[in-house]
Amino acid sequence: MVKSLEVDKSCQAERILGVLWDPEEDAFDFSTEIREDLQPYIHLLAWPTKMIALRYAGDVAYECVAYFRFDYGEVIHCTFVEAKAKVVPLQYLSTPRKELEAAVLGAQLVNSICENHFFPVKRRFLWCDSDTVVSWIKSDQQRYKPFVAHWSVSITNPEEWYWVGTKCNPAVDLMKWGNGTEIKSESRWYRGPDFLYRGAEEWPKQDRLRIEVAKELRASLLLHHIVLPDSLIERMCHISRWPVVVRTIATVFRFVVNCRRRVQKKLIEALWRSSKRSGVRGFPSVEVPLQQKQYLAAENLLGKAVQADQFADEVKTLWRNKELSTSQAIPLERSSALYCLAPFLDEDGVIRMEGRTEAAEYASFDVRFPIVLPKDHVVTTSLLEHYHREYGHSSRESVVNEVRSSST
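Everything numeric in this text was worked out from a predicted model, so none of it was measured. (Residues numbered from 1 in each chain as written. Predicted model: local features only at pLDDT ≥ 70, side-chain atom pairs only at ≥ 80, totals over all residues. Heavy atoms only, no water.)

Draft legend 1. Broad picture of unusual backbone geometry. Phi angles above zero are rare outside glycine, and Lys265 is one such case at about 60°. Here Lys265 shows up in the loop between α7 (242-263) and β8 (268-270). Residue classification places Lys265 among the exposed positions, given a relative accessible area of 80%. (Helix = DSSP H or I, 4+ residues; strand = E, 2+ residues; numbered from the N terminus. Buried < 20%, exposed > 50% of the residue type's maximum accessible area, 1.4 Å probe, protein only.)

Draft legend 2. Seen up close, helix α4 (residues 146-154). Listed in full, the buried residues belonging to α4 are Phe147, Val148, Ala149 and Ser152. Its buried side turned inward, α4 meets α2 (95-116) and α3 (131-137). (Contact = heavy atoms within 4.5 Å.)

Draft legend 3. Region of the structure containing the nonpolar core. Of all hydrophobic cores here, the largest spans 30 residues; its most connected members are Tyr62, Leu100, Ile155 and Trp161. Looking at this core, the elements with two or more residues in it are β4 (61-72), α2, β6 (123-128), α3, α4 and β7 (161-163). Looking at which element gives the most residues to this core, the answer is α2, with nine residues. Apart from the residues lying within four places of it in its own chain, the contact partners of Ile155 are Leu100, Ala103, Val104, Ala107, Ile137 and Trp161. Of all hydrophobic cores here, the second largest spans 17 residues; its members include Trp242, Val245, Leu383 and Val399. (Core = buried A, V, L, I, M, F, W, Y, C linked by side-chain atoms within 4.5 Å.)

Draft legend 4. The arrangement of the packing of α7 against helix α8 (residues 292-310) in detail. Look at α7 against α8: their axes get within 8 Å of each other, and the N-to-C directions meet at 110°. Between α7 and α8, the angle falls in the class roughly perpendicular. Here Trp242, Val245, Val246, Arg247, Ile249, Ala250, Phe253 and Arg254 of α7 come into contact with α8, specifically with Gln294, Tyr295, Ala297, Ala298, Glu299, Leu301 and Leu302. Of the residues in the contact of α7 with α8, the class split is eleven nonpolar, one polar and three charged. (Axes fitted to C-alpha atoms, helices over the stretch in contact; angles between N-to-C directions. Parallel < 35°, antiparallel > 145°, perpendicular 65-115°, else oblique. Nonpolar A, V, L, I, M, F, W, Y, C, P; charged D, E, K, R; others polar.)

Draft legend 5. Summary view of the pattern of salt bridges. Summed over the entire model, instances satisfying the criterion amount to six salt bridges. Arg254 serves as the salt-bridge partner of Glu269, at 3.6 Å between the closest nitrogen and oxygen. Here the residue Glu269 occupies a position in strand β8, and Arg254 occupies one in helix α7, the gap between them amounting to 15 residues. A salt bridge links Asp366 to Arg352, with the nearest nitrogen and oxygen atoms 3.1 Å apart. Of the two residues, Asp366 sits in helix α10 (residues 365-368) while Arg352 sits in strand β12 (residues 351-353), which places them 14 residues apart along the sequence. Within the structure, one salt-bridge network assembled from shared partners comprises Arg254, Arg261 and Glu269. (Salt bridge = Lys/Arg side-chain N within 4 Å of Asp/Glu carboxyl O.)

Draft legend 6. Quick look at the pairing of strand β5 (residues 75-87). Here β4 pairs with β5 via twelve bridges, running antiparallel. Bridged to Phe70 within β5 is His77. Where β4 folds back onto β5 in an antiparallel hairpin, the turn is made up of two residues, including Gly73, whose phi is positive at roughly 65°. (Pairing = 2+ DSSP bridges.)

Draft legend 7. Seen up close, the packing of aromatic side chains. Counted by the stated rule, this structure contains twelve aromatic pairs. Judged by centre distance (5.8 Å) and plane angle (35°), the rings of Phe80 and Trp189 are tilted. Note that Phe80 is positioned in strand β5 and Trp189 in helix α5 (residues 188-191), a separation of 109 residues in sequence. What makes Phe80 partly exposed here is its relative accessible area of 27%. Note on Trp189: relative accessible area 7%, which makes it buried. Consider the rings of Tyr387 and Tyr391, whose centres lie 6.2 Å apart with planes at 5°: the pair is stacked. You can call Tyr387 buried: its relative accessible area is 13%. Taking the relative accessible area as the measure of exposure, Tyr391 reaches 39% and is therefore partly exposed. An aromatic cluster is defined as three or more aromatic residues linked by ring pairs; in this entry it consists of Phe125, Trp127, Tyr162, Phe195 and Trp203. Cation over ring: Arg97 sits above Phe147, and NZ or CZ is 4.4 Å from the ring centre. (Phe/Tyr/Trp six-rings, centres within 6.5 Å; stacked < 30°, edge-to-face > 60°. Lys NZ or Arg CZ within 6 Å of the ring centre and 35° of its normal.)

Written out as structure tokens, the structure is:
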């Protein structure tokens, strides 16, 4: 097209790049040659169907790199889009936490690319060479401490995350600059990893077990609201004399025995039998006084109740030690009142103490292994007052000796 350079001044011509143009009539035509490998994407409008992002966490920086993957029939083409790096903070972070922050950086890079490109990406793949981070992202964040929980929630859809081996991760090349890594147009840094040019069924698979970092798990605290009935000690506080307390509890044991005998259709063992009745409330009975074993059971029950009230942690520890060997026994807390003693549980679950009296084979079991009672408890006070009155208000040493020589 030949055009005269003489332009009528009356026409509305514009000077662009040193040339006068008539916007209504003039046009600029040009031609160019397109590489053969790019022609399918230009003429057939082949858009990227996948966006790939890979990340890596080093000792001094985090790195991530993103690629577009074009699929058209059997033709697969990958191209470099963007890379980003960030220096590790001065504050100390464990390696799993560094890898998690690198994953957050990769997610932010992917979101930024999608917001600033008009390409309709059908699917996104985010790859990480840390199976711990992948497990964190795909797990329930409430199981972890605030750091892991917060950053895991801020990451994109967990279904987009996959594991890849470090050797197949091109983001590692950014950290190994100058150590044999080639950053050229034909290198994997620009072309992407080799597995992207194969089918999805040949991509890396996570065949290892999930790794849990114990120190990142949130402590589980189970809180229960339990309403306990009135304890035996509270019910016995209004009884001041020790023999009356023991006899009352022994009578309860007799009542339990009579309930069982009634079911078995046996005679009820009554403490006394009225001359006007042939039995207790119409049931056949026989008069039997309280037996010595019932008194002992009552004293043991009082001892267990007091110990459960004052030595709850010690009782739990001693019960656990009964199932363990001597070498595996759990020691008591140093702050425990029983730490300097040698406590153990007898057959009835009562805490007793070992000592030099253990070698006295002529003495009874109760004397060789006395029951441990707290010094400032109401039951202990009632017991000492009973022996103090029983032996004519003797001295303190005499009362202590009588208590130790008794069965309590």
